[in-house]
Amino acid sequence: MLLDLDNFKPLNDTYGHDVGDLLLVEAARRLRTCIRETDTAARLGGDEFVVALGELDRDKAESTRRTAIVAEKIRASLAEPYLLTIRQNDKADLTIEHRCTASIGVVLFDNHSNREDILKQADVAMYQAKAAGRNRISFSDHGT
């Protein structure tokens, strides 16, 4: 899965990178709660994350079903409001509520697939999710 946070840039532009970083840390924490220890989640850069699910079923339909369940869990978790507390030295702390969703692109692959092709296909699927209105999950039409 490749996911991009929707509505992240306005937060960063309005409150600065420190507050954007608070949101990224919280998004990463939420991601970790949605996946198993055998799965991997990592930030690629900016507001993009990659999630790799391991030990899926050899049956493509079953793998698709399980992946869709995890992707929906991630989408719902990341769509919950974020309460970000800004620590201010000479003033009271300021808490900002921010809503940020995720557009998620998914591609199924086997161990013999090319990593670059996998990421390209997931990226295409992610942009399809964005084009469909954001806060969506889109599966790649091209499994590898």
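(A) View of the layout of surface pockets. Quantified by volume, the largest pocket comes out at close to 830 Å³. Among the secondary structure elements, those contributing two or more residues to the lining of the largest pocket are strand S3 (48-52), helix H3 (60-79) and helix H4 (115-131). With four residues, H4 is the single largest residue contributor to the lining of the largest pocket. The residue makeup of the lining of the largest pocket, split by class, is 14 nonpolar, seven polar and seven charged.

(B) Representation of the side chain of Asn-12 within the structure. For Asn-12, the position within the fold is in helix H1 (residues 9-15). Sequence-distant contacts of Asn-12, defined by excluding residues within four places in its chain, comprise His-17 and Gly-20.

(C) Here's a closer look at the pattern of salt bridges. Counted according to the given criterion, the structure contains 12 salt bridges. Close ionic contact of Glu-62 with Arg-65 constitutes a salt bridge, the shortest N to O distance being 2.7 Å. Placement of the pair is Glu-62 and Arg-65 together in helix H3, with a separation of three residues, close to one helical turn. For Glu-62, a relative accessible area of 19% puts it in the buried group. Arg-65 sits in the partly exposed class, given a relative accessible area of 45%. For Arg-66, the salt bridge is made with Glu-62, and the minimal N-O distance between the two is 3.0 Å. One end of the pair, Arg-66, and the other, Glu-62, are both in helix H3, four residues apart, so they sit about a helical turn from each other. When its relative accessible area of 34% is taken as the criterion, Arg-66 is described as partly exposed. Each member of the salt-bridge network shares a partner with another, and the members are Asp-4, Asp-6, Lys-130 and Arg-134.

Basis of the calculations
Residues numbered from 1 in each chain as written. Predicted model: local features only at pLDDT ≥ 70, side-chain atom pairs only at ≥ 80, totals over all residues. Heavy atoms only, no water. 1 Å grid on protein atoms, 1.4 Å probe; cavity = no way out; pocket = protein on both sides within 12 Å on 5 of 7 lines; lining within 4 Å. Points joined across faces, edges and corners; volume = space filled by probe spheres on them. Helix = DSSP H or I, 4+ residues; strand = E, 2+ residues; numbered from the N terminus. Nonpolar A, V, L, I, M, F, W, Y, C, P; charged D, E, K, R; others polar. Contact = heavy atoms within 4.5 Å. Salt bridge = Lys/Arg side-chain N within 4 Å of Asp/Glu carboxyl O. Buried < 20%, exposed > 50% of the residue type's maximum accessible area, 1.4 Å probe, protein only.

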